[in-house]
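Chains, contacts and geometry: an overview
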Amino acid sequence: MKPHITYQIRNLLILFCVAFSYQLSAQKSIINSGWQFTLDTTKTNWQTINIPHTWNKNDAFDDDPGYLRGLGFYQKQVYVPIEKKELIHYLRFKGVNQEANVYVNGHFVGNHKGGYTAFNFNITEFLKFGDYNLIEVKVDNSYNANIPPLDIDFTIYGGIYRDVEWIAVPKQHLTLNDFASEGFYVDYPNVSKEKASVEVTVFLDNFDVKSATNQLELSISDADGKIIRTETKKIKINANTTEKLKIHFPEIRNPNLWSPEHPYLYQLQILLKDKNGTILEEKSSHVAFRWVSVDPNKGLILNGEPYKLIGVNRHQDYEGYGSAVPMQLQENDIYLIKNMGSNVIRFAHYPQAQELYKLCDELGLLVWSEIPVVNKVTNTPEFFETSLTMQEEHLKQYYNFPSVVMFGYMNEIFLRLVFDRTSTDQEKEDAKVYSYELAKQLEDFTRKMAPNRLTVMALHFNEVYNDTKIADLSMLIGWNLYFGWYNDTIPDLGIFLDDQHKRFPNRSIMVSEYGPGADVNISSTTPKKYDYTQEYQLILHKSYYDQVMARDFVVGMTAWNFADFGSEFRGETIPHVNQKGLVQYNREPKDVYYWYKSVLNTKEPLLHIALNPEHPLSLIDEDQRTVSIFSNEKKAEVFLNGELIDAITFIDGLATVDIPFINGKNELKVTSDSQEETKTLQVFKSNNLKTSHFKRFGINLGSHFSFYDKENDVTFVPDRPYSENLYGHFDGTPYNITKDKNQGIPNNIKNTEKEGIFQTMLEGCTSYKVDVPDGQYQVTLFFVEPQIKSNIEMIFNLTAEKALSNEDSKRQRVFDVFINDNLIESRFNMAKTFPDKYGVTLTSIVNIRNNEGLSINLKPIEGKTVLSGVLIEKKD
Ligand code: GCB
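Residues numbered from 1 in each chain as written. Predicted model: local features only at pLDDT ≥ 70, side-chain atom pairs only at ≥ 80, totals over all residues. Heavy atoms only, no water.

1. Some words on the overall build of the protein
On a plain count of helices and strands, the protein comes out with 13 helices and 60 strands. By principal-axis analysis of the C-alpha atoms, the protein measures approximately 110 × 75 × 65 Å. Classification of the 876 residues of the protein by burial places 59% in the buried group. The long-range share in the protein, meaning contacts at least 24 apart out of those at least 6 apart in sequence, stands at 71%. (Helix = DSSP H or I, 4+ residues; strand = E, 2+ residues; numbered from the N terminus. Buried < 20%, exposed > 50% of the residue type's maximum accessible area, 1.4 Å probe, protein only. Contact = heavy atoms within 4.5 Å.)

2. Observations concerning the site of the ligand
Around the ligand, a shell composed of 14 residues is seen, among which Asp 153, His 349, Glu 412, Tyr 486 and Lys 580 lie nearest. In the model, an oxygen atom of the ligand is placed 2.6 Å from a nitrogen or oxygen of the His 349 side chain. Bound to the protein, the ligand loses 98% of the 320 Å² it would expose on its own. A class-by-class count of the residues in the shell around the ligand yields five nonpolar, four polar and five charged. (Near = heavy atom within 4 Å. Polar contact = N/O pair within 3.5 Å; in protein donor to acceptor, adjacent residues only side chain to side chain. Areas by Shrake-Rupley, 256 points an atom, 1.4 Å probe, with all protein chains shown as cover. Nonpolar A, V, L, I, M, F, W, Y, C, P; charged D, E, K, R; others polar.)

3. Here's the deal with the packing of aromatic side chains
Evaluated as defined, the whole model comprises 46 aromatic pairs. Where Tyr 318 meets Tyr 321, the ring centres are 5.8 Å apart and the plane angle is 75 degrees; that geometry is what we call edge-to-face. Judged by relative accessible area, Tyr 321 falls into the partly exposed class, the value being 33%. On the numbers, 5.2 Å between centres and 85 degrees between planes, the contact of Trp 485 with Tyr 532 is edge-to-face. Separated by 47 residues along the polypeptide, Trp 485 in the loop between β33 (476-480) and α8 (492-503) and Tyr 532 in the loop between β35 (522-523) and α9 (534-549) bring together distant segments of the chain. By the ring-pair criterion, three or more aromatic residues cluster together here, those being Phe 414, Phe 461, Tyr 465, Trp 479, Phe 483 and Phe 496. The lysine or arginine in question, Arg 507, covers the ring of Phe 504, its NZ or CZ lying 3.9 Å from the ring centre. (Phe/Tyr/Trp six-rings, centres within 6.5 Å; stacked < 30°, edge-to-face > 60°. Lys NZ or Arg CZ within 6 Å of the ring centre and 35° of its normal.)

4. A closer look at empty space enclosed by the protein
Following the criterion strictly, the structure yields four cavities of 30 Å³ or more and no others. One number sums up the size of the second largest cavity: a volume of about 90 Å³. (1 Å grid on protein atoms, 1.4 Å probe; cavity = no way out; pocket = protein on both sides within 12 Å on 5 of 7 lines; lining within 4 Å. Points joined across faces, edges and corners; volume = space filled by probe spheres on them.)

5. A few points about the side chain of Lys 283
Among the structural elements, Lys 283 can be located in strand β24 (residues 279-287). Within the local environment of Lys 283, its side chain forms a polar contact with the backbone oxygen of Glu 182, the two atoms lying 3.0 Å apart.

6. Brief notes about the sheet that holds strand β45 (residues 664-672)
Strand order in this open sheet of five strands is β40-β46-β45-β42-β43, and the pairing throughout is mixed. The two strands at the open ends of the sheet, each matched to only one other strand, are β40 (617-620) and β43 (643-649). The mean angle between the axes of side-by-side strands here comes to 30 degrees, regardless of whether they run parallel or antiparallel. One ladder, built from four bridges, connects β40 with strand β46 (residues 676-686); its direction is parallel. Across the sheet, residue Leu 619 finds its bridge partner in β46, namely Lys 685. (Pairing = 2+ DSSP bridges. Axes fitted to C-alpha atoms, helices over the stretch in contact; angles between N-to-C directions.)

7. Points about the sheet that holds strand β7 (residues 99-104)
Ordered by their spatial adjacency, six strands build an open sheet running β3-β2-β4-β10-β7-β8, and the pairing between neighbours is antiparallel. Every other strand in the sheet has two partners, leaving β3 (47-49) and β8 (107-113) as the edge strands with one partner each. Strand-to-strand twist across the sheet, computed as the mean angle between neighbouring axes with direction ignored, equals 25 degrees.

8. Overview of the domain arrangement of the protein
Taken domain by domain, the protein holds domain 1 (25-174), domain 2 (189-287), domain 3 (292-604), domain 4 (617-685) and domain 5 (688-874). Spacing between the C-alpha centres of domain 1 and domain 2 amounts to 32 Å. Counting residues at the interface gives 11 residues for domain 1, matched by 16 residues for domain 2. Carbon and sulfur atoms supply 61% of the area that domain 1 and domain 2 bury against each other, a total of about 1100 Å² over both sides. Contact with domain 2 buries surface across domain 1, with Gln 172, His 173 and Leu 174 losing the most and accounting together for 62% of the total. There are zero salt bridges connecting domain 1 and domain 2. (Domains from an automatic or database assignment. Buried area = accessible area lost by both parts, 1.4 Å probe. Salt bridge = Lys/Arg side-chain N within 4 Å of Asp/Glu carboxyl O.)

Right under this line is the structure:
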């Protein structure tokens with residue numbers, strides 16, 4: 001019996017020890033689930049939500065201008081067991097946009113400004129143990145002149161949109177009070193092919209009223225998990241103090257170097273133990289050996305060799321989620337970016353989820369990370385302080401990711417100033433001085449805090465950056481260049497780069513943004529500047545790539561943007577969205593993504609036909625259609641409906657083929673050495689509409705591009721002058737279309753999602769004809785009043801003309817509408833009927849007889865007529 005009792009006691013003792021050590025060691029839980037949320041300032045009408053959460057995921061995309069920038073309230077009850085009384089408790093918020101005030105059990109705990117960095121609050125003194133505790137967070141995303149960013153081209157979604165963690169730590173722990181860092185920093189005093197050294201600086205807090213003796217055990221293991229270095233330190237920490245320790249590891253010989261092609265990672269483990277050897281806390285970090293520098297003539301030097309950066313910028317929001325995006329979807333972005341063959345990401349214009357940086361370490365992507373001081377600075381001590389604090393949080397929280405090689409702090413800081421029509425010359429001069437001053441402070445601070453990183457700043461195309469010498473501050477300059485979009489032509493890129501290099505030979509430069517907007521529903525055989533076609537997007541990206549690759553001195557390029565993203569005020573073909581993505585807002589790739597992949601990713605075979613089989617194709621008076629095919633192989637064969645029609649050779653990932661599609665269903669097949677792709681699509685081919693059968697036929701008036709209308713499953717064909725047996729206009733001109741801009745009206749059209757039809761139109765057209773066969777048709781005409789006042793002034797649409805006031809626009813145009821001589825709308829006056837740019841349709845049933853075709857006549861009474869589109873649907 002005796003031994004048995006002893007065993008029982010021993011077991012109990014073990015259990016007790018386990019429970020005891022459980023209580024003593026650090027614990028972290030994610031408390032995202034089941035928060036109460038309300039927008040109501042009376043704090044009623046609570047709804048239950050989960051974090052990540054934003055209150056702007058819908059209103060930032062609706063027809064009403066603006067979105068809620070104001071207060072949101074969150075609350076949650078958390079039970080804290082009595083056993084956790086000995087621990088120190090922190091709340092960690094990984095991202096709250098943009099100002100947070102936190103309360104625990106009614107006590108104010110702290111305030112944080114800035115929506116893109118994490119913050120910790122010690123809440124221990126406010127807790128009730130063995131009881132429920134009320135956590136309240138008041139979140140404010142109102143415009144605040146003292147919190148960057150100010151006015152920018154992306155939506156400021158309000159809310160707690162990243163994880164909330166509850167961290168409970170023993171009295172001695174790695175500090176949580178150093179700008180929400182991990183409490184340790186990994187440095188590499190010397191790295192070369194032959195040897196590498198690692199130094200870790202740890203900050204230990206002792207919250208006890210008496211001093212404590214602890215032990216720190218650090219180890220580095222290689223990618224196979226084999227421990228290759230260990231260091232142990234005993235340390236006495238005085239009561240209520242923070243102790244700083246530096247631990248040097250002996251050099252590692254012939255280290256495995258890290259690069260995007262060879263992302264070799266070592267692992268650092270840190271164990272904090274008490275004097276009895278019980279683990280109090282455990283932390284880890286990637287360790288990677290690489291070194292970077294820039295050379296004004298050779299570009300970036302990575303591990304001693306010139307290395308061209310090719311990649312993308314990334315915003316963090318996602319269709320349907322706003323900024324509150326599940327982590328798995330966000331991580332998929334990084335895989336998509338890597339698979340495209342990128343070797344760099346610029347997380348623009350703000351620090352993004354830490355999980356993504358970790359993935360960049362693992363997959364091999366160099367990172368440019370920055371804080372959102374964008375377009376403009378406010379000259380107040382508060383703005384300066386918030387910006388510097390933000391940079392300190394940014395540097396400290398992202399310091400240990402070896403993929404981060406560039407730390408930035410400003411984007412296009414003189415953009416507002418250049419387009420400012422209200423400030424005096426003196427005010428503008430002052431703005432240059434104080435913006436420079438903030439840049440200098442941020443630059444100096446970044447160099448001091450992160451000595452082994454490159455500092456970087458992005459500029460827009462303007463001499464003001466050279467004149468003020470702000471462009472000489474950082475180690476690397478990123479130019480955001482939109483030649484061929486906002487200004488000039490595509491080849492002007494090279495001219496600009498050469499000129500800068502000649503004038504500033506000691507400056508290292510890259511192209512940090514470039515790219516046109518593109519819409520997968522818009523297509524043209526004659527792509528033009530500012531027309532949102534995928535074809536123009538491809539031309540521009542391809543040429544930029546060639547121009548950058550031809551210049552050794554250019555560090556590289558990051559496309560704007562990896563994905564379409566929310567920018568509420570924009571009125572492009574997809575309103576509220578900036579459409580310059582290589583992939584769509586839902587991350588479905590656009591054609592250009594595949595082109596990049598075919599050039600950059602040589603590992604995975606790729607073959608892509610740049611045609612969407614879901615979009616019916618119309619070939620009117622066109623024998624064949626040129627189709628682009630992308631591949632990273634050398635050659636392929638092209639078959640149409642089972643017959644070989646061409647053998648193609650890919651040059652720089654691209655080949656074009658003229659395909660003689662037939663009317664009806666077509667099967668286009670391309671086969672290369674290792675791959676095959678088939679696309680089956682519906683083609684409407686006609687040289688004579690009078691003898692053709694169709695169910696629906698749409699025309700995009702005033703446009704050289706076609707638009708796929710998903711709702712009606714019809715592709716609206718481009719406009720043309722009338723010719724017999726076909727269709728077209730007899731008079732009128734495309735509204736607001738110039739050599740440089742092929743968009744028509746740059747606004748959201750209310751009450752519709754067919755901006756691709758409404759935004760372009762014929763003005764002054766009195767007669768339009770479509771030679772359809774006899775029969776009964778439903779005919780829908782599409783109109784919008786282009787000049788009615790829109791409240792939004794588009795800074796990014798620099799060529800937009802000034803809108804008329806409501807009063808002026810009411811008198812703009814009045815006209816009668818006839819179809820085949822029947823008056824279907826009398827004194828049509830949209831400005832009078834609709835308060836804004838509404839998509840208006842007139843639908844009538846028309847009987848066509850005697851081979852007369854369909855005639856649309858617009859008779860002006862006042863001003864000029866407009867017409868955006870025609871849809872003809874066969875009824876009998
Ligand atoms: C820029 C800005 C970026 C905009 C972009 C654009 O230069 O840095 O924030 O979104 O241009 O699309 O206009």
